[in-house]
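Secondary and tertiary structure notes
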Amino acid sequence: MSEFNLPITFEPLFMERVWGGRKLESIYRKRIPAGKCIGESWEIVDRPEAQSIVRDGPLAGRSLHDLWVNFRAAIFGKAPDAPRFPLLIKLLDCREKLSLQVHPPAAVARMLGSEPKTEAWVITDAAPDAELWLGLREPTEPQKFADALDSGQAAELVRRVPVKTGDAFFIPGGRMHAIGGGNLIVEVQQNSDTTYRIFDWNRKDEKGQFRELHIAEAMRCIDFEDCNPTVSAGNAESLVADRLFAIDRWKIDSARELSPPNEFAIAFCLRGEVECAGSLFQPGEFFLLPAHAKNRTVKGAKSELLRITIPSS
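So, here's what we can say about the structure.

Rules behind the numbers
- Residues numbered from 1 in each chain as written.
- Predicted model: local features only at pLDDT ≥ 70, side-chain atom pairs only at ≥ 80, totals over all residues.
- Heavy atoms only, no water.
- Phe/Tyr/Trp six-rings, centres within 6.5 Å; stacked < 30°, edge-to-face > 60°.
- Helix = DSSP H or I, 4+ residues; strand = E, 2+ residues; numbered from the N terminus.
- Buried < 20%, exposed > 50% of the residue type's maximum accessible area, 1.4 Å probe, protein only.
- Lys NZ or Arg CZ within 6 Å of the ring centre and 35° of its normal.

With the rule as written, the count across this model stands at 13 aromatic pairs. Taking the centre distance of 5.8 Å and the plane angle of 85 degrees together, the rings of Y28 and F268 count as edge-to-face. Here F268 lies in strand β20 (residues 265-271) and Y28 lies in the loop between α1 (23-26) and β3 (38-44), a separation of 240 residues in the sequence. Comparing Y28 with F268 shows no difference in burial state: the two are buried. Ring geometry for F199 and W201: centres 5.2 Å apart, planes at 65 degrees, overall edge-to-face. Each of the two residues, F199 as well as W201, counts as buried. The structure contains a cluster of three or more aromatic residues connected by ring pairs, namely W68, F76, F85 and F264. Cation over ring: K97 sits above W201, and NZ or CZ is 4.1 Å from the ring centre. Looking at R256, its charged tip hangs above the ring of W250, at a distance of 3.7 Å from the centre.

Put into structure tokens, the structure is as follows:
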């Protein structure tokens, strides 16, 4: 059918955050609300409380969940079966540092009645002094960490990692982490919105209140042996290769097939201009190429994109 031959684009959902900024407007020309500090742009999401809506074309106005339920084979091909689209893809504008936090691995999520969450970050713009907190500096006894948390010194036990534009990081459930200020990030994650805050730098929200912490839950999730997170090399093509999702960075100087027939792919334009099936995409724009699309090539001149896929089961 002709409606499955074109790249699919979605309307972003902008989320105000105490740590957010305005870079999505200045760098990616997003039309974010005036006067708001936007920390997250949910670009592709299928959740009960948040739905991506197709922006234009023959499928305009349909939700991602509608596509997932009613056009599974034509659009998503060999994607693993699930009640909802398995990924949530965001842009993060971190003007200030985020809370020190952890997401639950699957086994702990089942015990807590929450959702497991593994994610990955690709740094698309980093300030000269940008950094992350990832894992622990050394294996740590839970009680030692709890004591440090009580004394306000827990962040000193977490590994600080300087970052630059182009770096990529994999964050499995159980890995303690925080994003420092000055980072613009593409985040690819499991379809989950479970976050347990451990420490929020004594920051208050717009109402003068401290944000809620989730110490008991976090302590059950943290991998206290996790002390050696790795950085994907800045010139690598494969950034993340996991059973949940894969992220590749392609330099596009000539035509290249984005995905094999009967397999969908999501692309994000990093640099230059990317063409697919007659549509042009600028930096900051995502599109989904349906599994049954006939024209599967992307073109560009000194362009770069991220390719996001789900391994076939």
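The backbone of N202 shows a phi angle near 55 degrees, a positive value even though the residue is not glycine. Residue classification places N202 among the exposed positions, given a relative accessible area of 61%. Positive phi, close to 70 degrees, is recorded for N262, a residue that is not glycine. You can see N262 is positioned in the loop between β19 (256-257) and β20. Since its relative accessible area comes to 36%, N262 is described here as partly exposed.

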